[in-house]
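Coordinate analysis (summary)
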Amino acid sequence: MFRSRTRAPAAIGGPVLSAVLALAVAAPAAASPPAPAQDGPIAGFTAENAKWQRRYERLLSAVPSARTARDLDAELAREPALATTTGDRHRVGRIVARLRSYGLKPEVRTYYAYLSMPERVKVEMTAPRRLTLPVKEKRRPWQEFYDEVIPSHNGMSPSGDVRGKVVYANYGRPEDFALLAKNGVSVKGKIVLVRYGSVFRGIKPREAARRGARGVLIYSDPADDGSVQGPVYPAGPWRASDGIQRGSIAQIQLAAGDPQTPGWPSVQGARRVPPSEAPMLKGLVPTTPISYGAAEPLLRALKGKEVPREWQGGLPFTYRFGPGGTRAHLDLRNTFQVRPLWDVIVRIPGSEHPEQEVMLGAHHDSWAYGSSDNLSGTENVLQVGRALGTLLKKGWRPKRTVVLATWDGEEYGLFGSTEYAEQRADLLRDTVAYVNMDGAGGSRFGASATPALDRSVIDASKEVRWPGTGGTLYEAWKAQNSGETPIDRIGGGSDFQAFFQRYGVPAMDVGSASPGSSGNYHCSCDDFYWMEHFGDPSWEYHAAMSRLAGIATLRLANADVIAMGYRPYAQETARYLADFTAEQRRRLGSVVVDVSRDIAQAGAWQRAAEALQARAAEALRDGDTAAFRRLNDKIMRTERDLLTAAGLPGRPWYRHQIYAPGIDTGYATQRLPGLHDALFSDRDVRAARAQEARLFASLRAAARTLAPEE
């Protein structure tokens, strides 16, 4: 995944897996049976069609297996597959062969993206002693093709040969640099050492560059995902002292996809903006990741004031701000060029509404071997493909077209999915929903979604038996979250972004992870060995997630009336607006942008949604197919109503007015981003009022869309 999860799987606590589990290399257990399909209604289906749907859900659920999951990972994770490399091309070929063996007809779509490759990576400590620091993990005996694993690299970092004193800046957030300044510490002309976490890695060099730093080193602190948490790889799941978290620093909070084609597809011969004009590449300095083993001597030798308690990491000494004591030399030569990448697409045409599509996707590229990130997601898409191939042989057809996709180039900045979406922008108006999987092979479940799809996630979770519990995923989900089923709102960091935040396609992102999953993130240790020993030793969670994704996708494809709930969406939006008003009073001392009419309009939207829900229930009771078509047209248009053609202030690639990645976080969801960015980031009251007018127009359009036809 482009980001480490901020929902439930990322914050996994509790004890690590037992030593017995850590050492077990047993064959997968026999597949646990799918949860018995319930009788009774399914949201959005007539009673008769619900019976038809459940029959095929049972057939689908019987196909995914733990053994298939293990076999797929053993095959696909054998070779590193960084986007656009030979290993990536080999992985694409294997995916295509698998899909064909299931009776499907995959298509490979080629795009051309501007990206970086490391040619030289050299990191040295030059004072108080000279020490060349490692820039690649140790090879483990079971790792094949290890020479193809790239050294430490922050994708899209500029090259540079810089020397300077070192300053420690905690997580590299704006508030961290503000605290340095408060303590009289300047980073101008320095090399800044920051730890991973809290915000998207690209925010860290952006903030350092704004303050005049010459370079940035990013390390994973053992307190966050290493030895402080428990046994480290290969004895346990957590990051070892040589583990390096690679990752892109492209400014995805400004745009996504190929940096040189913002807003249009990067097909061969496409118009390209110069790199100096690409929003995703602006405001950066030479940056590279290192391990906490490499960071230790740099931190240990630092002079200056002691850091506050919340800045102290897990290494066994007192952390200090610097500068003084430690100097470093960072020599990076990164080559930038336009290179081909490959999406794999399967279309299963719908029998009744072939123009309408439901998409299930996951990225197949990885920084190294990628068993967790994101072969777990890709393998689930393949298992769903295998199941659908089985159904097709029995004469089944979906009512709407089902699209299965594995994307390339996600790790650099959501390249493959974005270019595909930009190429098919006009056709996306008929896309019902996009289901994303990015990290989907562990014991703790998590989800994010547009509020309209909350019920789809919850209902599908009730149909899947969760391994080791004797009950359903829904029951396990609640047990893991104090009786709640928390669903986050979509922010940034995976392949849903273009579909949802640029084109208004309703989206959900479903995944699962096990204790210690953050310890293998973007490391060469994210391999088959890690997954077999720590992530999902039985491979049953992979199979369960395949069932979940398959059921959720098929319900969206076959529903008589698409089950999207806009009543809770309107209620949430009204709360966001009330919170925006309260935030103005807190931060500005008064309300300078009045959103009272927007709150009233959100109420009108809610009432229209309630009325539509009543009409849908009546149509389903009566089997009124003409009403189904009218209702579905309205339901499919509503999320698009929330877009603004002008885009968000300062980042027009983003168009969704309710949700976007945070401008200073990159991953975390910013609610009402246009209002927030204009007023609180740009301090531009006039622009904020213009954003309010656009939002009001969108909320009015959403209410009118759902209203009965005159």
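Source: prediction; values computed, not measured. (Residues numbered from 1 in each chain as written. Predicted model: local features only at pLDDT ≥ 70, side-chain atom pairs only at ≥ 80, totals over all residues. Heavy atoms only, no water.)

What follows deals with the overall build of the chain. Broken down by element type, the chain carries 21 helices and 14 strands. Taking 2.2 N^0.38 as the reference for a compact globule, 710 residues should give roughly 27 Å; the C-alpha atoms of the chain span a radius of gyration of 25 Å, in line with that estimate. Structurally, the chain occupies a C-alpha span of about 80 × 65 × 55 Å along its principal axes. Looking at the chain residue by residue over its 710 residues, the buried ones come to 63%. Sequence separation of at least 24 residues holds for 80% of the intrachain contacts in the chain that already meet a minimum separation of 6. (Helix = DSSP H or I, 4+ residues; strand = E, 2+ residues; numbered from the N terminus. Rg over C-alpha atoms; globule rule 2.2 N^0.38 Å. Buried < 20%, exposed > 50% of the residue type's maximum accessible area, 1.4 Å probe, protein only. Contact = heavy atoms within 4.5 Å.)

Bringing a negative patch on the surface into the picture now. Judged by side-chain charge, E355, D430, D633 and E709 come together as a negatively charged surface patch. In this structure, D430 sits in the loop between α11 (415–423) and β10 (431–440). D430 sits in the partly exposed class, given a relative accessible area of 33%. (Patch = residues over 30% accessible without salt bridge, like charges linked within 9 Å, V, L, I, M, F, W, Y side chains within 5 Å. Areas by Shrake-Rupley, 256 points an atom, 1.4 Å probe, with all protein chains shown as cover. Salt bridge = Lys/Arg side-chain N within 4 Å of Asp/Glu carboxyl O. Lys, Arg positive; Asp, Glu negative; His and termini not counted. Charge placed at Lys NZ, Arg CZ, Asp CG, Glu CD.)

Attention shifts here to empty space enclosed by the protein. Applying the stated criterion across every chain yields a total of six cavities of 30 Å³ or more. A volume near 110 Å³ is recorded for the second largest cavity. What lines the second largest cavity is I42, A43, F45, R455, S456, D459, A552, R555, L556, A559 and A563. Broken down by secondary-structure element, the contributors of at least two residues to the lining of the second largest cavity are α12 (454–461) and α16 (540–558). (1 Å grid on protein atoms, 1.4 Å probe; cavity = no way out; pocket = protein on both sides within 12 Å on 5 of 7 lines; lining within 4 Å. Points joined across faces, edges and corners; volume = space filled by probe spheres on them.)

P128 follows A127 through a cis peptide bond whose omega is 10 degrees. In this fold, P128 is placed in the loop between β1 (107–127) and β2 (131–133). With omega at -10 degrees, the peptide bond leading from G322 into P323 counts as cis. For P323, the location among the structural elements is in the loop between α8 (292–300) and β7 (327–348). Backbone geometry places R683, a non-glycine residue, at a positive phi of 55 degrees. As for its placement among the helices and strands, R683 is situated in the loop between α20 (673–681) and α21 (685–706). Take R683: its relative accessible area is 55%, and that puts it in the exposed class.

The next thing to look at is the pattern of salt bridges. Inspection of every chain in the model, using the stated rule, returns 35 salt bridges. For K399, the salt bridge identified is with D560, shortest N-O distance 3.7 Å. Linking K399 in the loop between α9 (371–393) and β9 (400–407) with D560 in the loop between α16 and α17 (566–588), this pair joins segments that are 161 residues apart in sequence. Judged by relative accessible area, which is 8%, K399 ranks as buried. Residues joined in a network through salt bridges with shared partners are R206, E207, R210, R211 and D664.

Moving on to the nonpolar core. In this structure, V510 and W605 are the most contacted members of the largest nonpolar core, which totals 145 residues. With ten residues, the single largest contributor to this core is α16. Listed in part, the 43 residues of the second largest apolar core include Y168, V192, I290 and L298. (Core = buried A, V, L, I, M, F, W, Y, C linked by side-chain atoms within 4.5 Å.)

Glancing now at the environment of A687. Its place among the elements puts A687 in helix α21. Between the C-alpha atoms of A687 and V464, which are 223 residues apart in sequence, the distance is 48 Å.

Let us now look at the packing of aromatic side chains. Each aromatic ring pair is characterised by the separation of its centres together with the angle its planes make. One pass over the structure, following the stated rule, counts 29 aromatic pairs. A ring pair is formed by Y56 and W396, whose centres lie 6.4 Å apart and whose planes are at 45 degrees; its orientation type is tilted. With Y56 in helix α2 (residues 47–61) and W396 in the loop between α9 and β9, this residue pair connects regions lying 340 residues apart in the sequence. The residues Y56 and W396 share a single accessibility class, namely buried. (Phe/Tyr/Trp six-rings, centres within 6.5 Å; stacked < 30°, edge-to-face > 60°.)

Right, let's get into α2. Spanning 15 residues, α2 covers 21 Å between terminal C-alpha atoms, matching the ideal 21 Å at 1.5 Å per step. Turning to α2, its buried residues number three or more, namely N49, A50, Q53, R54, Y56, E57, L60 and S61. Buried residues belonging to α2 abut α9 and α16. (Expected span 1.5 Å × (residues − 1).)

Burial runs high along α20: eight of the nine residues are buried. Tucked into the core, α20 has its buried residues touching α17, β13 (659–661), β14 (669–671) and α21. Positive backbone phi, approximately 55 degrees, marks R683, located one or two places after α20.

This part takes up the packing of α2 against α9. Viewed as axis vectors pointing N to C, α2 and α9 meet at an angle of 125 degrees, and their least axial separation amounts to 9 Å. On the basis of their axis angle, the class for α2 and α9 is oblique. Taken as a pair, α2 and α9 cross one another with a handedness that is right-handed. Between α2, through Y56, L59 and L60, and α9, the contact on the second element is made entirely by A387, L388 and L391. Among the residues making up the contact of α2 with α9, the classes are represented as six nonpolar, no polar and no charged. (Axes fitted to C-alpha atoms, helices over the stretch in contact; angles between N-to-C directions. Parallel < 35°, antiparallel > 145°, perpendicular 65-115°, else oblique. Left-handed = near helix turned anticlockwise from the far one by under 90°. Nonpolar A, V, L, I, M, F, W, Y, C, P; charged D, E, K, R; others polar.)

Here we take up the environment of P118. Here P118 lies in strand β1. Sequence spacing of P118 and N334 is 216 residues, and the spatial spacing of their C-alpha atoms is 4.5 Å. Ignoring anything within four residues of it in the chain, the contact list for P118 reads I150, P151, H153, R333 and N334.

Looking at the secondary structure, you find M636 in helix α19 (residues 625–641). Classification of M636 as buried rests on a relative accessible area of 7%. It is 6.2 Å that separates the C-alpha atoms of M636 and V432, two residues lying 204 residues apart in sequence. When residues no more than four places from it in sequence are discounted, the contact partners of M636 are Q356, R429, D430, T431, V432 and I562.

To continue, consider the side chain of H522. Topologically, H522 is positioned in the loop between β12 (507–513) and α15 (528–535). Look at H522 and you get buried, because its relative accessible area is 4%. For H522, the side chain forms a polar contact with the main-chain oxygen of R246, separated by 2.7 Å. (Polar contact = N/O pair within 3.5 Å; in protein donor to acceptor, adjacent residues only side chain to side chain.)

Next up on the list: the pairing of β7. Relative to β7, β1 runs antiparallel, the two sharing 19 bridges. In the sheet register, Y112 faces β7, and the bridge partner there is P340. Sheet topology places strand β3 (residues 160–168) next to β7; six bridges connect them, and they run antiparallel. Within β7, the position partnered with D161 by the bridge is D331. In the sheet, β7 pairs with β9 via five bridges, with the strands oriented antiparallel. In the strand pairing of β9, I345 is matched with A405. (Pairing = 2+ DSSP bridges.)

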